[in-house]
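One-letter residues, chain by chain:
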Amino acid sequence: MKRNQFFLTLLGVTTLSLTTLANRPSDDPAPYQTKTFSGNINTVRAETSGGSLTVEGGSGKDVKVEMYVRGNNGNGNLDKAEIEERLRDYDISITQEGNTVVATAKRRNNDRDWKRSLSIGFKFYTPRNIATDLRTSGGSIHLAALTGTQKFRTSGGSLHMSDVDGDINGQTSGGSIHLDGCQANGSGEIDLQTSGGSIEAKSSSGKMRLHTSGGSIRLTDLKGPIDAQTSGGSVNGEDIEGDIKAGTSGGSVRLENIAGSIDASTSAGGVDVSISKLTGPIRLSTSAGSVRVRMPLDKGISLNLSGNHIKIPLNNFSGDTDRNHIKGTLNGGGIPVTLSASAGSVYVNQ
């Protein structure tokens, strides 16, 4: 009898657990409000002080806007009555102004109780050919499958771009940057900056400016020219075609399989570079480490090397050499190669 009671109890617990799982709310909340706009729309503009912004392009012609509302005081899930009561403190607008869809969420009085504040985000589903102008002070920004001029700013979140073509200009003061499958067309540029996070860029092309004051930079499968600068981390890259300028004050520089000219420097680490195709000037320098380079030496090269110790194969060389300096030409001279290690050694093809 006790055994039967045990199995009945176990069956009841299992049934209750399965029922609880089935009734558990989805991790993706439903939008609080949805609006759809039609017509010749070419721009979306959004501004919010406490939520994320997302724009996804597609094959349709309409623009759908979803508004998401969450609590901003550690209690993300609020019931509808509580949301509506708190929204009285906000001016919400989702409208169409000519060829532009505009979504804004602004708190009327920023001095009111912060515990009643809300995180209000917008998600846009748009045609692919769309321009954006986005502002948020408390969330991340996501762009995907877009073509056009993209301008966006956040003070408290990360930036994510995937399959975006055009002139891209984004800034964040408190998050990381992720770039994947993007392209700067024509005279456009990919200009991305952060003051407090890392940068990762891959499978992208065009003129790029990638700057951070507080993180590392990772570059993979890019076609430049590229300007990658950080004050607080390392710069790592591989499979890059085009001119690259890389600098850091707080880490090393490591670049592999580079086809193009390189200007790389660091104040607090080493420089390690592998060049598959030498097409322009090479300038590598460090104040606190060594410089190590693997590169073709069969072209005309003009050498200017300095370091505590230098090792390089000097075939068909003309010039002056000593332990700390080498200056002269390989194969009659040509492409300038300047390598400098103030407190370390210089190694070429070693």
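What counts, and where the lines are drawn
Residues numbered from 1 in each chain as written. Predicted model: local features only at pLDDT ≥ 70, side-chain atom pairs only at ≥ 80, totals over all residues. Heavy atoms only, no water. Helix = DSSP H or I, 4+ residues; strand = E, 2+ residues; numbered from the N terminus. Contact = heavy atoms within 4.5 Å. Areas by Shrake-Rupley, 256 points an atom, 1.4 Å probe, with all protein chains shown as cover. Pairing = 2+ DSSP bridges. Buried < 20%, exposed > 50% of the residue type's maximum accessible area, 1.4 Å probe, protein only. Core = buried A, V, L, I, M, F, W, Y, C linked by side-chain atoms within 4.5 Å. Salt bridge = Lys/Arg side-chain N within 4 Å of Asp/Glu carboxyl O. Phe/Tyr/Trp six-rings, centres within 6.5 Å; stacked < 30°, edge-to-face > 60°. Lys NZ or Arg CZ within 6 Å of the ring centre and 35° of its normal. pLDDT = per-residue confidence, 0-100.

## A few points about the overall build of the chain
Piece 1. Within the chain, the secondary structure is distributed over two helices and 31 strands.
Piece 2. Counting contacts in the chain only where the partners sit at least 6 residues apart, residues at least 24 apart contribute 38% of the total.
Piece 3. Of the roughly 17,000 Å² of accessible surface on the chain, 44% is carried by carbon and sulfur atoms.

## Considering the pairing of strand 3 (residues 53-58)
Piece 1. Of the pairings in the sheet, the one linking strand 3 to strand 7 (residues 118-127) comprises six bridges and is parallel in character. Along strand 7, the bridge assignment pairs G58 with P127.
Piece 2. Strand direction decides the pairing type here: strand 3 and strand 9 (residues 141-147), joined by four bridges, are parallel. Along strand 9, the bridge assignment pairs V55 with L143.

## Some details on the environment of I199
Piece 1. Locating I199 in the fold gives a position in strand 15 (residues 199-205).
Piece 2. Ignoring anything within four residues of it in the chain, the contact list for I199 reads I177, T194, L210, H211, T212, S216, I217 and R218.

## Some points on the side chain of S261
Piece 1. You can see S261 is positioned in the loop between strand 21 (253-259) and strand 22 (262-266).
Piece 2. With a relative accessible area of 12%, S261 lands in the buried category.
Piece 3. Here S261 is in contact with G242, D243, I244, T279, G280, P281 and I282, once residues within four sequence places are set aside.

## Points about the nonpolar core
Piece 1. Residues F122, F124, M161, L219, I262, L284 and L339 are the most contacted members of the largest nonpolar core, which totals 79 residues.
Piece 2. Not counting chain neighbours up to four residues away, the residues in contact with L284 comprise I262, A264, V271, V273, V291, V293, T338, L339 and S340.

## Description of the pattern of salt bridges
Piece 1. A complete count under the given rule lists 13 salt bridges for this structure.
Piece 2. E97 is the salt-bridge partner of R45, the closest N and O atoms lying 3.4 Å from each other. Highlighted residues: R45 in strand 2 (residues 43-48) and E97 in strand 5 (residues 90-97), separated in sequence by 52 residues.
Piece 3. By relative accessible area, E97 is classed as partly exposed at 44%.

## Thoughts on the pairing of strand 30 (residues 335-341)
Each regular strand carries side chains that alternate between the two faces of the sheet.
Piece 1. Only one face of strand 30 is buried: it carries I335, V337, L339 and A341, and the other face, with P336, T338 and S340, is open.
Piece 2. Sheet analysis places strand 24 (residues 282-286) next to strand 30, joined by five bridges and oriented parallel. In the strand pairing of strand 30, R283 is matched with T338.
Piece 3. Bridging between strand 26 (residues 301-306) and strand 30 involves six bridges; their strand directions are parallel. Bridge pairing in strand 30 links S302 to P336.

## Considering unusual backbone geometry
Piece 1. A cis geometry characterises the amide bond from G224 onward to P225, with omega recorded as 25°.
Piece 2. By the secondary structure assignment, P225 is in the loop between strand 17 (217-223) and strand 18 (226-230).
Piece 3. A positive phi angle is found at N349, which is not glycine, with a value near 55°.
Piece 4. With respect to the helices and strands, N349 occurs in the segment after strand 31 (345-348).

## Structural notes on the environment of R209
Piece 1. Topologically, R209 is positioned in strand 16 (residues 208-212).
Piece 2. Overall, the relative accessible area of 24% leaves R209 in the partly exposed class.
Piece 3. Spatially, the C-alpha atom of R209 lies 7.6 Å from that of E189, the residues being 20 residues apart in sequence.
Piece 4. Not counting the four nearest positions on each side in its chain, R209 is found in contact with E189, I190, D191, L192, Q193 and D227.

## A closer look at the packing of aromatic side chains
Piece 1. Applying the stated criterion across every chain yields a total of zero aromatic pairs.
Piece 2. Above the ring of Y125, the side-chain terminus of K64 is found at 5.0 Å from the ring centroid.

## Examining the side chain of T48
Piece 1. Take T48: it is sitting in strand 2.
Piece 2. On the accessibility criterion, T48 (5% relative accessible area) is buried.

## Points about the confidence of the model for the chain
Piece 1. Mean pLDDT over the chain works out to 89, with 89% of the residues at or above the 70 mark.
Piece 2. Low pLDDT (under 50) marks residues 1-27, which in the prediction has zero contacts with non-local residues, meaning those over four places away or in another chain.

## Topic: the environment of S49
Piece 1. The residue S49 is located in the loop between strand 2 and strand 3 in this model.
Piece 2. Accessibility expressed as a relative area gives 39% for S49, which makes it partly exposed.
Piece 3. Expressed as a C-alpha distance, the spacing of S49 and S117, which sit 68 residues apart in the sequence, is 9.9 Å.
Piece 4. Setting aside residues no more than four positions away along its own chain, S49 makes contact with A105, S137 and G138.

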